[in-house]
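Next come the chains, spelled out residue by residue.
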Amino acid sequence: YKYANKMDYAALFFEKAASFDLESEYLVNSLAELQRENGSSQSALTLLKAKNKPLDSLSEESLLLLAQLSLDLNQYDSADVYYDILTRKQPQEGKYWWEWAQSLEEAKNFHKLADVNRQLIPIIGYPEPFILRQLLIYSISKRQEEIPPFLEEVYRETGDVKWLKDALK
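This text gives an overview of the structure that appears in the document.

Cut-off values and rules
Residues numbered from 1 in each chain as written. Predicted model: local features only at pLDDT ≥ 70, side-chain atom pairs only at ≥ 80, totals over all residues. Heavy atoms only, no water. Core = buried A, V, L, I, M, F, W, Y, C linked by side-chain atoms within 4.5 Å. Buried < 20%, exposed > 50% of the residue type's maximum accessible area, 1.4 Å probe, protein only. Helix = DSSP H or I, 4+ residues; strand = E, 2+ residues; numbered from the N terminus. Contact = heavy atoms within 4.5 Å. Expected span 1.5 Å × (residues − 1).

A few words on the nonpolar core. Grouped together as the largest cluster of nonpolar side chains are 40 residues, with contacts concentrated most on Leu-48, Tyr-83 and Phe-150. Only helix H2 (25-37), helix H3 (41-49), helix H4 (60-72), helix H5 (76-89), helix H6 (97-106), helix H7 (110-124), helix H8 (128-140) and helix H9 (147-158) provide two or more residues apiece to this core. The greatest single-element share of this core, amounting to seven residues, is contributed by H4. Discounting residues that sit within four places of it in the chain, Tyr-83 has contacts with Leu-64, Ala-67, Gln-68, Leu-71, Tyr-96, Glu-99, Trp-100 and Ser-103.

Below, the structure is given as structure tokens:
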């Protein structure tokens, strides 16, 4: 009766397998994912942190899972650290920028968001939604004085004013 739910049964198998090989990142991550799906984000985070490995040595999968679990638990500062490392591991793409930006926005850490965006602008370019979001974020955070230099910087980088016309609409 205890394992009537297939997820509970799968979690039991992963738990047993992970206990035999705590060094197996795949097994530990799989167990953490199952715990997260079952609503035990805190247990999953504890399990992943128990590996005590340097953060720079963790795989992208582990770091992303740590970031997501931290967000589930409203631990925005921790998520910020994990996304920072993820972004440094994939600097040419800005691959995790969007998730990181959303987490900073949720935490209302607009100053950090502006810093992150400035670092990643050369990598991700200037897609129009990015400009519109930034204008909105600067306005919400009452940092209107930063909007003109920001727009000048964007124009200097792109040499294009189409995005500005769209933003003004």
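Once you've had a look at it, read on.
This part is about H2. Structurally, the α-helix is built with 3.6 residues per turn, so residues lying three or four positions apart point the same way. Between the first and last C-alpha of H2 there are 18 Å, a value that for 13 residues agrees with the 18 Å anticipated at 1.5 Å per step. Within the span of H2, buried status applies to Leu-27, Val-28, Asn-29, Ser-30, Leu-31, Ala-32, Leu-34 and Gln-35. Directly beyond the C-terminal end of H2, a positive phi value near 85 degrees is found at Gly-39.

Helix length check: H4 (13 residues) gives 18 Å between terminal C-alpha atoms against 18 Å at 1.5 Å per residue, within 8%. Within H4 the residues assigned to the buried category are Glu-60, Ser-62, Leu-63, Leu-64, Leu-65, Leu-66, Ala-67, Leu-69, Ser-70 and Leu-71. Buried residues along H4 sit against H2, H3, H5 and H6. At the exit of H4 stands Asn-74, carrying a positive phi of roughly 60 degrees.

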